Amino acid sequence: MPNAKPLILSFGSINIDVTARAARLPRPGETVHGESYAVMLGGKGSNQAAAAGRLAAGSGIQVALAGRIGQDSFGAQARRELERFGVDLTPLREDAAQATGIALIGIDGSGENCITVVGGANMAVDETDVDAASDWLERATVLLLQLEVPQQAVLAAARKARAAGAVVVLDPAPAPEHGLLDALWHEIDILTPNESETFQLTGLRPDTVEDAAKAAEVLLARGVKAVLVKMGSRGVFWHDGTQSGHSAPFRIEPVDTVAAGDCFNAGLAFALAQGKPFPEAVRIASACGALATTRHGAADAAPEWEAVAALMAAQPEA
Ligand code: RIB
């Protein structure tokens, strides 16, 4: 059946984030007094879907999420929150034997965070989930992948979607301790590592644009078609396989960096699903990531398209 609407599909993790804020993070063995806490939707797969859903509101672009939750109250909460973002959950599966994933997050006064993820149902995602989401993977315009579910499942999802014509975007987060599966490199259209993931994958620290360019060359040589190195407050280095460039950072006051990378990738997917040229898609992604750092929460920090457009208009690329 022809797919009338472009489809952004995220295949990945769903967590509930239990977040505590404190002036500073505790050292090992130490207890500190916190200021507030929240129990909200998180998980890289669901954050990317939720952020894409918020951006796509009223645009005619469909957003869906495939992955696994447990049959528990956190699973029910994740469903409710994702529906609020307009995400189609038809391909989402429930696992009676596993708990919904959670992330324990500490955030300090400067907005820095540390995160412990207990994957639960996410770590049970396998090729049966790929089979179950087959129709969606084959219809996807853009497939968003991350590494909070096993890499074999990520590889199978990438293969299926890419063979059917999707643009496959992999956020190599959390940084893979043992690298990527050899076959996975060749199934990625766009790899979007941040600074620590770039170092983990290449051994090179992208401290300058020149260093980021060297790291991108290493990643392209492994088989990916394009690379975006997220350099945090130094902006984004991009290489589309033919051309390359640097997108300057937006000037913002960050309060919470959780899920900024997820919102970046959602912005990228939204722009690509609209057929935007690569440098413009990078700029849109960068604005989405920057705005996410000005708001608290994970999925909740995702910006609306109007806010993204306003930031880009206020701070045009030089
Ligand atoms: O990328 C941010 C996410 O990482 C959080 O929402 C948390 O769930 C962890 O998975």
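Residues numbered from 1 in each chain as written. Predicted model: local features only at pLDDT ≥ 70, side-chain atom pairs only at ≥ 80, totals over all residues. Heavy atoms only, no water.

**Points about the nonpolar core**
Ranked by size, the top nonpolar core spans 54 residues in total, and within it Ile8, Val87, Ile190, Leu228, Leu268 and Val308 carry the most contacts. In terms of residue count, the dominant contributor to this core is helix α10 (residues 278-292) (10 residues). For Val308, the residues in contact, after removing those within four places along its chain, are Leu55, Ile284, Ala287, Cys288, Leu291 and Pro303. One finds Ala64, Leu147, Ala157 and Ala161 within the second-largest nonpolar core, a separate group that totals 40 residues. (Core = buried A, V, L, I, M, F, W, Y, C linked by side-chain atoms within 4.5 Å. Buried < 20%, exposed > 50% of the residue type's maximum accessible area, 1.4 Å probe, protein only. Helix = DSSP H or I, 4+ residues; strand = E, 2+ residues; numbered from the N terminus. Contact = heavy atoms within 4.5 Å.)

**Points about the UniProt feature "binding site: K(+)" (unreviewed entry) in the protein**
UniProt's feature table lists "binding site: K(+)" (unreviewed entry) at Asp256, Val258, Ala292, Arg295 and Gly297, given in the numbering used throughout. Taking the farthest pair of C-alpha atoms as the criterion, the annotated set spanning 42 residues converges on one region, since that pair is 9.4 Å apart. Set against the largest pocket, the annotated residues that line it come down to Val258. Along the chain, the position of Ala292 falls in helix α10. When near neighbours in sequence (up to four residues on either side) are disregarded, Ala292 contacts Asp256, Ala260, Cys263 and Ala301. Position of Arg295 relative to the elements: it lies in the loop between α10 and α11 (305-314). (UniProt positions renumbered as here; feature names shortened; annotations may be inferred. 1 Å grid on protein atoms, 1.4 Å probe; cavity = no way out; pocket = protein on both sides within 12 Å on 5 of 7 lines; lining within 4 Å.)

**Looking at the site of the ligand**
As a structural note, the neighbourhood of the ligand is formed by Asn15, Asp17, Gly42, Gly43, Lys44, Asn47, Ala103, Val117, Glu148, Ala259, Asp262 and Ala298. In this structure, Asn47 approaches the ligand through a side-chain N or O atom, which is 2.9 Å from an oxygen atom. Take Asp262: an N or O atom from its side chain is 2.7 Å from an oxygen atom of the ligand. When isolated, the ligand has an accessible area of 280 Å², and the protein chains bury 96% of it. With respect to the detected pockets, the ligand is housed in the largest pocket. Within the residue set of the shell around the ligand, elements represented by two or more residues are β2 (15-21) and α1 (44-56). (Near = heavy atom within 4 Å. Polar contact = N/O pair within 3.5 Å; in protein donor to acceptor, adjacent residues only side chain to side chain. Areas by Shrake-Rupley, 256 points an atom, 1.4 Å probe, with all protein chains shown as cover. Sits in = over half its atoms within 2 Å of the grid points.)

**A few points about the layout of surface pockets**
The space that makes up the largest pocket amounts to roughly 1,200 Å³. Around the largest pocket, the lining comprises 43 residues; the ones closest to its centre are Asn194, Thr257, Ala260, Gly261 and Thr293. Contributions of two or more residues to the lining of the largest pocket are made by β2, α1, β6 (101-107), β7 (113-118), α7 (195-202), α9 (260-273) and α10. By residue number, the principal contributor to the lining of the largest pocket is α9, which donates four residues. Each residue belonging to the lining of the largest pocket can be placed in one class, and the counts come to 19 nonpolar, 15 polar and nine charged. Its volume calculated, the second largest pocket comes out at about 210 Å³. Taken together, 15 residues form the lining of the second largest pocket, with Ala20, Leu25, Pro26, Ile105 and Gly106 sitting closest to its centre. Elements with a contribution of two residues or more to the lining of the second largest pocket: β6 and β7. Looking at the lining of the second largest pocket, the element that brings in the most residues is β6, giving four residues. Of the residues that constitute the lining of the second largest pocket, the class distribution is 10 nonpolar, four polar and one charged. (Points joined across faces, edges and corners; volume = space filled by probe spheres on them. Nonpolar A, V, L, I, M, F, W, Y, C, P; charged D, E, K, R; others polar.)

**Brief notes about α9**
Since the α-helix packs 3.6 residues into each turn, any two residues three or four apart lie on the same face. A rise of 1.5 Å per residue sets the reference length of α9, with its 14 residues, at 20 Å; its end C-alpha atoms lie 20 Å apart and thus fit the reference within 8%. The buried fraction of α9 amounts to 13 of the 14 residues, a majority that puts the element mostly inside the structure. Of the residues trailing α9, Gly275 is marked for its positive phi of about 75°. (Expected span 1.5 Å × (residues − 1).)

**Examining the sheet that holds strand β3 (residues 36-42)**
Strands sit in the order β3-β2-β6-β7 across an open sheet of four strands; the sheet is mixed. Strands at the two margins of the open sheet, each flanked by one partner only, are β3 and β7. Strand-to-strand, the axes of this sheet are offset by a mean angle of 20°, without reference to chain direction. Of the strand pairs in this sheet, β2 and β3 are connected by seven bridges, and their pairing is antiparallel. Residue Arg21 lies in a different strand from β3, and its bridge partner there is Ser36. The sheet strands contacting α1 are β2 and β3, and the helix crosses β3 at an angle near 80°. (Pairing = 2+ DSSP bridges. Axes fitted to C-alpha atoms, helices over the stretch in contact; angles between N-to-C directions.)

**A word on α7**
Glu197, Thr198, Leu201 and Thr202 are the residues of α7 that are buried. Looking straight down α7, one finds that the buried residues subtend no more than 110° of arc, so they occupy a single side. Taken together, the buried residues of α7 touch α6 (182-185), β10 (190-191), α8 (209-222) and β11 (226-230). One side-chain oxygen of the residue at the start of α7 lies 3.1 Å from the amide nitrogen of Ser196, identifying that residue as Asn194. (Arc of directions from axis to C-beta.)

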